[in-house]
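Coordinates in review
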Amino acid sequence: MRNTIPHNGWWQLPTGPANTICDIDGVLVGHESIHESGSCTGVTAVLPHAGDLYRRPVPAAASILNGFGKSIGLVQLMELGEIETPVLLTNTFAVPACATALIKRAIAQNPNIGRCSATVNPLVLECNDGQVNDIQALRVSEATAEAAIANAGTLLDQGTVGAGSGMKTFGFAGGVGSSSRQVALADNRYTVGVLVLSNFGQQADLRVFGRPVAEWARADAGDEDKGSIIIVMATDAPMDSRQLGRLSRRSGAALGRLGSHLGHQSGDIALAFSTANIFERGSADTYPASRLCESQMNAFFKAAVEATEEAILNALWHATPMPAYDGSRLPSFRAYLVGKQKRSMHG
């Protein structure tokens, strides 16, 4: 979905062709949504490549900006600097089912896992969609996760879809958003892509293109900065795990630009991976690898901040408020934006 929020030249770097994380060659995204009475949830899968990730892991890193979360797989990712399964995003209580689906998928591809070879590290990250979705219903199953992976492709829906179906961002309907930026060096052109599961922020704090939008805010003292955001970054630049860790930490600047202070009950987690330097596990004692010169990192830092900021705004822009299990609906960011423009024209 190429349509994005009108930005009037706020960002400096060019986007990729689709302006999504799928602008990085080989990266695929799939959704499986559950939109039923009382249940508004799902799973979103990010595949760094379409092959066997256990045999051909990708270099990666993660940053815990605020650790109010119930994800699985982050400890080993941060220790070894590799991703060896698809990345699944879902709601808080669906983490175990998604992890089981990833384990079974890896065993089906590699029957020796856990017996003659190492165990697999399933990577599942979550946000709490309990304001909209009846999270106690436990509607996400292993089959939901498997379907999200099977649906993976390069055409990416955004907003209230997949894991984003019941999410809330800055008091509005939130969800899944994505964006990308291109970085031109002397000899090469690289891309940084971001996908977010956006479920954080206090409406009164929201800044859009650097300007406060307090006139949109509801007088709701209980609307705290909480809820969580998962940020998945991908690049085709040859970065090692340490450099990817530096890249992932820049996502915090994007959250600040939008007005968030990473509140106490917000699980704000960023991970980054590179599709360069993929190797065949167990094929040799060493493997050759290239690495980006450290002096070139600034351009990628800016790309990460811009792509993360726009991905969050795209999640808001594309979100369609879904009926909550109690019958209520979150407000629409897009409707507020269009309404504000009309009021300005007639006021």
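The text that follows walks through the structure, step by step, so that each part is easy to find. Since the model is a prediction, treat every value here as computed from it, not as a measurement.

Focus: unusual backbone geometry
Residues other than glycine seldom take positive phi values, yet leucine 138 does so here, at roughly 50°. With respect to the element layout, leucine 138 can be found in the loop between strand E6 (123-127) and helix H3 (142-150). A relative accessible area of 55% places leucine 138 in the exposed class. Of note in this structure, phenylalanine 209 is not a glycine but carries a positive phi near 55°. Mapped onto the elements of the fold, phenylalanine 209 is located in the loop between strand E11 (207-208) and strand E12 (211-212). Overall, phenylalanine 209 belongs to the buried group, its relative accessible area being 17%.

Quick notes on the sheet that holds strand E14 (residues 267-274)
The sheet built from six strands is open, its strands ordered E4-E3-E14-E13-E10-E9 with mixed pairing. The sheet is open, and its two borders are formed by strand E4 (82-83) and strand E9 (175-184), each paired with just one other strand. Strand direction decides the pairing type here: E9 and strand E10 (residues 189-198), joined by ten bridges, are antiparallel. Note on E10: the bridge partner recorded for serine 180 is glycine 193. The strands that helix H4 (residues 241-249) touches are strand E3 (58-67), strand E13 (229-235) and E14; relative to E3, the one it contacts most, it runs at about 35°. The strands touched by helix H6 (residues 297-318) are E9, E10 and E13; relative to E9, the strand with the most contacts, the crossing angle is about 155°.

Let's talk about the packing of H4 against H6
One can describe the packing of H4 onto H6 by two numbers: an axis separation of 8 Å at closest approach and a directional angle of 45°. Classed by the angle they form, the pair H4 and H6 counts as oblique. In this structure, H4 meets H6 at a crossing whose hand is right-handed. Residues Gln243, Arg246 and Leu247 of H4 form the contact with H6, whose participating residues are Met297, Phe300, Phe301 and Ala304.

Brief notes about the packing of aromatic side chains
Per the stated rule, a full pass over the model turns up seven aromatic pairs. Consider the rings of phenylalanine 172 and phenylalanine 333, whose centres lie 5.7 Å apart with planes at 75°: the pair is edge-to-face. Residue phenylalanine 172 is located in strand E8 (residues 172-173), and its partner phenylalanine 333 is located in helix H7 (residues 333-346); the two are separated by 161 residues in the primary sequence. What makes phenylalanine 172 buried here is its relative accessible area of 0%. Here phenylalanine 333 falls in the buried class, since its relative accessible area comes to 0%. Across the ring face of phenylalanine 301, the terminal group of arginine 250 is positioned such that the distance to the ring centre comes to 3.7 Å. Positioned above the aromatic ring of tyrosine 54 is the side chain of arginine 281, whose terminal nitrogen or guanidinium carbon lies 5.2 Å from the ring centre.

Rules used throughout
Residues numbered from 1 in each chain as written. Predicted model: local features only at pLDDT ≥ 70, side-chain atom pairs only at ≥ 80, totals over all residues. Heavy atoms only, no water. Helix = DSSP H or I, 4+ residues; strand = E, 2+ residues; numbered from the N terminus. Buried < 20%, exposed > 50% of the residue type's maximum accessible area, 1.4 Å probe, protein only. Pairing = 2+ DSSP bridges. Contact = heavy atoms within 4.5 Å. Axes fitted to C-alpha atoms, helices over the stretch in contact; angles between N-to-C directions. Parallel < 35°, antiparallel > 145°, perpendicular 65-115°, else oblique. Left-handed = near helix turned anticlockwise from the far one by under 90°. Phe/Tyr/Trp six-rings, centres within 6.5 Å; stacked < 30°, edge-to-face > 60°. Lys NZ or Arg CZ within 6 Å of the ring centre and 35° of its normal.

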